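The lines below spell out each chain.
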Amino acid sequence: TDQQEAIASVRYGSTVVIACPGSGKTAVAVERIRRMLEAGEHWSSFVAVTFTNRAAGELLERLGAGLGFCGTIHGLAHEVLKKGLGMAGGLAADFAVWDDAKREEMLGKVIGYHRLKTTVGQACGLLDRFVRGARWRSGAIPSLRSFVHAFDACEIYDTMKHRENAEDYNGLIDRALALLRANPGLLAYLKQRWRHVTVDEYQDVDPAQDALI
């Protein structure tokens, strides 16, 4: 359509595309990147943030070429931290990334070992609420005692992450943001290297993820 053609032809500046599912947003994003590559932009200057790793793979398959980065927002934060190792708040080079299932497993161990009167769901809800600004999930609103115990569980869990040289998905975003804010030279380098950023499903990012992008 004329609107798709107009979007695909944009070379510079910020462009927001609002359209319903199945309307071809991803295809237009791919076409825009393809045209910029054909116009002489280097593949390493592109960042494509997708909702899932599977979507990233499909995007790269459509392009038939690599990019400077293509993956999820958590993958982008991981990449930033790897480029800033030595400045990333004590993380060693081989740091592990804990997904949500691992986070729940480790919180469960903390709660059980210390006999805390809370649940994994309440502890996760507390982390999400204060780290991500999320709302309480249904059934996760704790009593005052559970709230205090959930807070204790989160503090012990945070200490455990540092001891194990690990970070979870929430922490990846926060550490990457803190790293860039504390190191303007690294930020300037990455902004110069990654000059074109495309984000799919932008409506699903939270404030911290938006700040990182």
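Predicted model, so just to flag it, every value in this text is computed and none were measured. Note that residues are indexed from 1 along each chain, following the sequence as it is written. Thresholds applied to this predicted model are a pLDDT of at least 70 for local features of residues and 80 or more for the giving and counting of side-chain atom pairs; totals over whole chains, interfaces and linings are not thresholded and use all residues. Only heavy atoms go into the side-chain values, all of them from the structure, while hydrogens and water stay out.

Focus: the confidence of the model for the protein chain
Detail in the predicted coordinates should be disregarded across regions flagged by low pLDDT. Confidence scores per residue from the predictor, reported as pLDDT, run from 0 to 100. On average, residues of the protein chain score 85 in pLDDT, and 91% of them are at 70 or above. Numbering goes from the N terminus for both helices and strands, where a helix is a DSSP run of H or I of at least four residues and a strand is a run of E of at least two. For the protein chain, helix α6 (residues 120-132) is the element with the lowest average pLDDT, namely 78, and strand β1 (residues 46-49) is the one with the highest, namely 94.

Points about the nonpolar core
Ranked by size, the top nonpolar core spans 22 residues in total, and within it L76, V80, L81, W194 and L212 carry the most contacts. Of all elements in the fold, only β1, α4 (73-83), α8 (169-182), α9 (184-193) and α10 (207-212) reach the threshold of two or more residues within this core. Considering every element that reaches this core, the biggest residue donor is α8, with six residues. The contact definition used throughout considers only heavy atoms, calling two residues in contact when any of these lie within 4.5 Å. If sequence neighbours within four positions are ignored, L212 has contacts with I73, A77, I173, A176, L177 and L180. In terms of nonpolar packing, the next biggest core, distinct from the first, is built from 16 residues, V110, C124, Y157 and M160 among them. Working definition of a nonpolar core: buried Ala, Val, Leu, Ile, Met, Phe, Trp, Tyr and Cys residues. They are joined through side-chain atoms within 4.5 Å. Accessible area is worked out with a 1.4 Å probe on protein chains only. A residue is then buried under 20% of its type maximum, exposed over 50%, and partly exposed in between.

Some points on the packing of aromatic side chains
Aromatic rings from Phe, Tyr and Trp, with only the six-membered ring used for Trp, were paired whenever their centres fell within 6.5 Å, and each pair was classed as stacked if the ring planes differed by under 30 degrees, edge-to-face if by over 60, and tilted otherwise. Using the criterion set out here, one finds one aromatic pair in the structure. Taken together, a centroid distance of 6.0 Å and an interplanar angle of 45 degrees make the contact between W98 and Y157 tilted. Placement of W98 in strand β3 (residues 96-98) and of Y157 in helix α7 (residues 144-163) is noted, with a sequence separation of 59 residues between them. Judged by its relative accessible area of 7%, W98 falls in the buried class. The exposure class of Y157 is buried, given its relative accessible area of 1%. Positioned over the ring face of W98 is K102, at 6.0 Å from the centre of the ring. Charge-over-ring contacts are defined here by two conditions on Lys NZ or Arg CZ: a distance within 6 Å of the ring centre and an angle within 35 degrees of the ring normal.

Details of empty space enclosed by the protein
Any residue with an atom within 4 Å of a point lines the site, the site being either a cavity, points on a 1 Å grid over the protein atoms alone where a 1.4 Å probe fits but cannot get out, or a pocket, an open set with protein on both sides within 12 Å along at least 5 of 7 lines. Grid points are joined across faces, edges and corners, and a volume is the space filled by probe spheres set on the points. Tallying each qualifying case throughout the model produces one cavity of 30 Å³ or more. Of the volumes computed, that of the largest cavity is approximately 30 Å³. What lines the largest cavity is R32, I33, M36, F46, H196 and T198. Sorting the residues of the lining of the largest cavity by element identifies α2 (25-38) and β5 (196-199) as the ones contributing at least two each. Broken down by element, the lining of the largest cavity gets its largest block of residues, three residues, from α2. Classifying every residue of the lining of the largest cavity gives three nonpolar, two polar and one charged. Only Asp, Glu, Lys and Arg are considered charged in this grouping, and only Ala, Val, Leu, Ile, Met, Phe, Trp, Tyr, Cys and Pro are considered nonpolar; every other residue, Gly among them, is considered polar.

A short note on the sheet that holds strand β2 (residues 69-71)
The sheet built from three strands is open, its strands ordered β2-β1-β5 with parallel pairing. In this open sheet, the two strands that pair with only one neighbour each are β2 and β5. When strand polarity is set aside, the average angle formed by the axes of neighbouring strands in this sheet is 10 degrees. Sheet topology note: the β1/β5 ladder contains four bridges and is parallel. The residue bridging V49 from the neighbouring strand is V199, located in β5. Taken strand by strand, α2 contacts β1 and β5, and its axis lies near 165 degrees from that of β5. Pairing between strands is defined by DSSP: at least two bridges between the two strands are required. Note on geometry: axes are C-alpha line fits, over the in-contact stretch for helices, and angles between N-to-C directions span 0 to 180 degrees.

Here we look at the pairing of β1
In β1, alternate side chains face the same way, and those of F46 and A48 on one face and V47 and V49 on the other are all buried. Two strands pair when backbone bridges link them, and β1 and β2 are joined in this way by three bridges, in the parallel orientation. If you follow V47 over to β2, its bridge partner there is F69. Assignment of crossover handedness uses the view with strands pointing away from the viewer, where a clockwise path from the first strand over the helix to the second indicates a right-handed crossover. At this point the chain moves from β1, through helix α3 (residues 53-63), to the parallel β2, and the crossover so formed is right-handed.

Section: the pattern of salt bridges
Oppositely charged side chains may form a pair once their charged atoms are brought near each other. In what follows, salt bridge is the name for a side-chain nitrogen of Lys or Arg lying within 4 Å of a carboxyl oxygen of Asp or Glu. Evaluated as defined, the whole model comprises 14 salt bridges. Its salt-bridge partner being E5, residue R35 comes within 2.9 Å of it at the nearest N-O pair. Of this pair, R35 sits in helix α2 while E5 sits in helix α1 (residues 2-8), and the two are 30 residues apart along the sequence. On the basis of relative accessible area, R35 is assigned to the partly exposed category, the value being 26%. Here R175 makes a salt bridge to E167, at a shortest N to O gap of 2.5 Å. Each member of the pair, R175 together with E167, is buried. Ionic contacts of the salt-bridge type, sharing partners, join the residues E5, E31, R34, R35 and E38 into one network.

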